Amino acid sequence: MREFLFSALDVAAIISSMELGCRDENEMIDSIWNGEKAFLVSEYRNNKRKFILDVYYWLQYFYEKPILDQEFPAVCQDMMTSDNTIEPEQYMSDFSNLDLFFKKIRIQILYGKGNDYVRVKLRTLLKHYGYKRRSQLLIQHINRCLYFYHLEITVRGGIPCSIEDATLDQMLIFHVI
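Residues numbered from 1 in each chain as written. Predicted model: local features only at pLDDT ≥ 70, side-chain atom pairs only at ≥ 80, totals over all residues. Heavy atoms only, no water.

Trainee: What am I meant to see in the pairing of strand S2 (residues 151–155) here?
Mentor: Within a regular strand, the side chains alternate between the two sheet faces. Burial analysis of S2 places 4 of its 5 residues in the buried class, which makes it a mostly covered element. Note that S2 and strand S4 (residues 171–176) share 4 bridges and pair antiparallel. Among the inter-strand pairings, Leu-151 is bridged to a residue of S4, identified as Val-176. Once S2 ends, the chain turns through 3 residues before running back antiparallel as strand S3 (residues 159–160), passing Gly-157 with a positive phi of about 90 degrees. (Buried < 20%, exposed > 50% of the residue type's maximum accessible area, 1.4 Å probe, protein only. Helix = DSSP H or I, 4+ residues; strand = E, 2+ residues; numbered from the N terminus. Pairing = 2+ DSSP bridges.)

Trainee: Where do I start with the sheet that holds S3 in this structure?
Mentor: Neighbouring strands of a sheet are bound in pairs by backbone hydrogen bonds; such pairs are parallel or else antiparallel. The strand order across the open sheet built from 4 strands is S1-S4-S2-S3, with neighbouring strands paired in antiparallel fashion. Looking along the sheet, the strands with just one partner apiece sit at the ends: strand S1 (118–121) and S3. Along the sheet, helix H7 (residues 98–111) makes contact with S1, S2 and S4, crossing S4 at roughly 65 degrees. (Contact = heavy atoms within 4.5 Å. Axes fitted to C-alpha atoms, helices over the stretch in contact; angles between N-to-C directions.)

Trainee: Would you take a moment to explain the pattern of salt bridges for this structure?
Mentor: Once the charged atoms of two side chains with opposite charge are near each other, the side chains can pair. For the coordinates displayed, the defined rule picks out 8 salt bridges. One salt bridge in this structure joins Arg-123 and Asp-169, with 2.8 Å as the shortest N-O distance. A residue pair is termed long-range when its members are at least 10 positions apart, and Arg-123 in helix H8 (residues 122–128) and Asp-169 in the loop between S3 and S4 qualify at 46 residues. Taking the relative accessible area as the measure of exposure, Arg-123 reaches 41% and is therefore partly exposed. Residues joined in a network through salt bridges with shared partners are Asp-24, Glu-27 and Lys-113. (Salt bridge = Lys/Arg side-chain N within 4 Å of Asp/Glu carboxyl O.)

Given below as structure tokens:
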């Protein structure tokens, strides 16, 4: 279950995607520290300073990522002169996996300034993470994430729904329970 816990990188990726101001970022980090200790990786649970410093380190990376990506051709050229190679995916890949989606919606619902729910079409969710169909393993993984992060899915009207029964074009509404 360690992969479900929040790392500083996860928190930074979530916060940077929310495009908050500096003060709101500080409040968000403090709220996550105070409210989500049980979901933080063990190295941060008793060390607020390390947590904050690591989150800011990764936030700086995300804010500078467009500049770093522009420099990729120069990095490749330098690598070729020293008989080394680098794959573009190693350098430019975004930090994205399915677990991060569930981490993000938990943080967004609990600490964001807005709704107490997140809506997304199932097709959009699957497509964003590179899936076209729901395999049994994918369904199991999504259900484990829902259980771990205390999330439930409903459809319009507050009717409970399961990921197995939802149609691809159905709007899913996620709530923290």
